[in-house]
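# Structural characterization, general
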Amino acid sequence: MAWTLLGIAGILEIAFAFGMKSSLGFTRLWPSLFTVATGLSSVVLLSLSLRTLPMGTGYAVWTGIGAAGTAILGMAVLGDSIAPLRIFCIALILAGVIGLKLVSSH
């Protein structure tokens, strides 16, 4: 259950990042409210997952999902650079997230 909560928290972290972009510096009401809601929900679910998972593992996986997911969606949706080296670096982040999950005893 902790890994599921952590995965959802990571997805909410991606939504949080896109909400920040859409809020235009918190100058637009609905995107700003979305940003606050997804950010708080993400942190709450992270906190719940850390009841079971080691802190370092949970936090690293959460930030990895958020960073890699945001970068991938930025390329797919916002036209961010798809340079091969950038994709390789994102793959390294994902490899680290998968590796932490595989070596976790929880």
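Quick summary incoming for the structure in this document. Within each chain, residues carry numbers counting from 1 in the order of the written sequence. Totals for whole chains, interfaces and linings use all residues, but because this is a predicted model, local features are given only for residues with pLDDT of at least 70 and pairs of side-chain atoms are given and counted only at 80 or more. Only hydrogens and water are set aside when side-chain values are computed; all heavy atoms of the structure are taken into account.

## Some words on the overall build of the protein chain
Let me state the cut-off plainly: Note on conventions: DSSP H or I runs of at least 4 residues are helices, E runs of at least 2 residues are strands, and numbering of each starts at the N terminus. Exposure classes here rest on a 1.4 Å probe applied to the protein chains alone. A residue is buried below 20% of its type maximum, exposed above 50%, and partly exposed in between. Contacts are residue-level and defined by heavy atoms, with any inter-residue pair within 4.5 Å sufficient.
On a plain count of helices and strands, the protein chain comes out with four helices and zero strands. The C-alpha extent of the protein chain, read off along each of the three principal axes, is 45 × 35 × 15 Å. With 106 residues in all, the protein chain has 32% of them scored as buried. Expressed as a percentage of contacts within the protein chain between residues at least 6 apart in sequence, the contacts between residues at least 24 apart total 61%.

## Comments concerning the packing of helix α1 (residues 2–23) against helix α2 (residues 29–49)
Between two packed helices, both the angle of their axes relative to each other and the distance between the axes serve to describe the pair. Quick note on the threshold: The axes are straight lines fitted to the C-alpha atoms, using for helices just the contacting stretch, and the angles between their N-to-C directions are given from 0 to 180°. Angle categories: roughly parallel below 35 degrees, roughly antiparallel above 145, roughly perpendicular from 65 to 115, and oblique for all the rest. Left-handed is the label given to a crossing in which the near helix is rotated counterclockwise from the far helix by less than a right angle, and right-handed is the label when the rotation is clockwise.
The N-to-C vectors of α1 and α2 enclose an angle of 160°; their axes lie 7 Å apart at closest approach. By the angle class used here, α1 and α2 are roughly antiparallel. Along this stretch, α1 crosses α2, giving a crossing that reads as left-handed.

## Here's the deal with the side chain of Glu 13
Keep this limit in mind: Charged-residue counts in this description rest on Lys and Arg as positive and Asp and Glu as negative, His and the chain ends being excluded. Note on definitions: salt bridges are taken to be side-chain nitrogens of Lys or Arg within 4 Å of carboxyl oxygens of Asp or Glu.
When you line up the elements, Glu 13 lands in helix α1. Nearest to the buried, unbridged Glu 13 among oppositely charged side chains is Arg 86, at 15 Å. Those residues in contact with Glu 13, other than ones at most four positions away along the chain, are Ser 42, Trp 62 and Gly 66.

## Description of the environment of Ala 68
One can find Ala 68 in helix α3 (residues 55–77). Counting along the chain gives 31 residues from Ala 68 to Ala 37, while the straight-line C-alpha distance between them is 21 Å. In this structure, Ala 68 is in contact with Ile 90, Ile 93 and Leu 94, ignoring residues within four places of it in sequence.

## A closer look at unusual backbone geometry
If you check the backbone angles, Leu 24 has positive phi at about 50° while not being a glycine. Structurally, Leu 24 is set in the loop between α1 and α2. Judged by relative accessible area, Leu 24 falls into the exposed class, the value being 55%. The backbone phi angle of Phe 26 is positive, close to 60°, even though this residue is not glycine. Looking at the element boundaries, Phe 26 is found in the loop between α1 and α2.

## Observations regarding the nonpolar core
Counted only if it meets this: To define a nonpolar core, start from buried Ala, Val, Leu, Ile, Met, Phe, Trp, Tyr and Cys residues and group those joined through side-chain atoms within 4.5 Å.
In this structure, Ala 2, Trp 3, Leu 5, Leu 6, Ala 9, Leu 45, Leu 46, Leu 53, Val 61, Trp 62 and Val 97 together form the largest nonpolar core, which totals eleven residues. Broken down by secondary-structure element, the contributors of at least two residues to this core are α1, α2 and α3. In terms of residue count, the dominant contributor to this core is α1 (five residues). With residues up to four places along the chain from it excluded, the contact list for Leu 5 reads Leu 45, Leu 48 and Ser 49.

## Observations concerning α3
Where we set the bar: Expected span of a helix: the number of residues minus one, times 1.5 Å.
For α3, spanning 23 residues, the distance from its first C-alpha to its last is 32 Å, which sits close to the expected 33 Å at 1.5 Å a residue. Along α3, the positions that sit buried rather than exposed are Thr 57, Gly 58, Val 61, Trp 62, Gly 64, Gly 66, Ala 68, Gly 69, Ala 71, Gly 74 and Met 75. Close packing links the buried residues of α3 with α1, α2 and α4 (84–103).

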